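Listed below are the residues making up each chain.
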Amino acid sequence: MSPKREENVGRHFVSGMCGGFSFSVLLILGFVTTICLHPLDCVKTRLQVNSEAGYNFMKNFAVVTKNTYKEGGLRVFYQGITPAVIGSITSWSVYFAFYENAKNRYKRLLDVAELNGFFNMISSLEAGLIGSTITCPLWFLKTRLQLQSRMCMVFALSHCEM
């Protein structure tokens, strides 16, 4: 490894946030993608929780979508959007930072300029495990928010004893 090339985990963390490209462009694209696909993710999560053996997916998809809309309009489809956006940014940032860190560590240990596919795969596996562990609470929070019913919350708050 050349002495000019130094590890800079902070640089890779920021690169992960923006995908190594223009920060603002990719941040906006990631945000727009999450905003556009979050309603489908919400329906998917509700389908996973309420699935039964031998059900018709498309029929249930329409039923879950209709019931979710009746629950509180479009707003219900976007429950959990904040943890989803934060989780997405954090997940990719952590992944790229730890991936580059692992690759550099293996290059130092093996004293090579480029790693073969096996060590790239191991670096990716290591980064994925660490990233999943760090962001798991955010995905848990997102799922809980997607499954909760606003009506249920209002009912519970109005009937609680103080």
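Attention here is on the structure that accompanies the text. Each chain carries its own residue numbering, running from 1 in the written order of its sequence. Side-chain atom pairs in this predicted model are given and counted only at pLDDT of 80 or more, local residue features only at pLDDT of at least 70, and totals for whole chains, interfaces and linings cover all residues. Computation of side-chain values: all heavy atoms of the structure, hydrogens and water removed.

**Side note on the overall build of the protein**
Okay, so step 1: Every helix listed is a DSSP run of H or I at least four residues long, and every strand listed is a run of E at least two residues long, numbered separately from the N terminus. Within the protein one finds seven helices and zero strands.
Okay, so step 2: Walking the protein from its N terminus toward its C terminus, one meets helices and strands in the order α-α-α-α-α-α-α.
Okay, so step 3: The cut-offs for exposure are 20% and 50% of the maximum accessible area for each residue type, with area from a 1.4 Å probe on protein chains only; residues under the lower value are buried, those over the upper are exposed, and the others partly exposed. Put simply, the protein has 162 residues, and 28% of those count as buried.
Okay, so step 4: Contacts spanning at least 24 positions in sequence make up 75% of the contacts within the protein whose residues lie at least 6 apart.
Okay, so step 5: Here the protein has roughly 10800 Å² of accessible surface; of this, 67% comes from carbon and sulfur atoms. We call two residues contacting when some pair of their heavy atoms lies within 4.5 Å. All accessible-area figures derive from a Shrake-Rupley calculation using a 1.4 Å probe, and residue coverage is judged against the displayed protein chains alone.

**Things to note about helix α5 (residues 81-110)**
Okay, so step 1: The first and last C-alpha atoms of α5 sit 43 Å apart over 30 residues, in line with the 44 Å expected at 1.5 Å per residue.
Okay, so step 2: Downstream of α5 by one or two residues, D111 has phi in the positive range, about 55°. Here the expected span of a helix is defined as 1.5 Å times the quantity of residues minus one.

**Quick word on the side chain of S93**
Okay, so step 1: Assignment of secondary structure puts S93 in helix α5.
Okay, so step 2: Throughout this description, a polar contact denotes any pair of N or O atoms lying within 3.5 Å of each other; where both atoms belong to protein, one of them has to be capable of donating a hydrogen while the other can accept it, and for residues adjacent in sequence the pair is counted only when both atoms sit in side chains. One polar contact links the side chain of S93 to the main-chain carbonyl oxygen of I89, over a distance of 2.7 Å.

Scope: geometric values only; no functional claims are made or implied.
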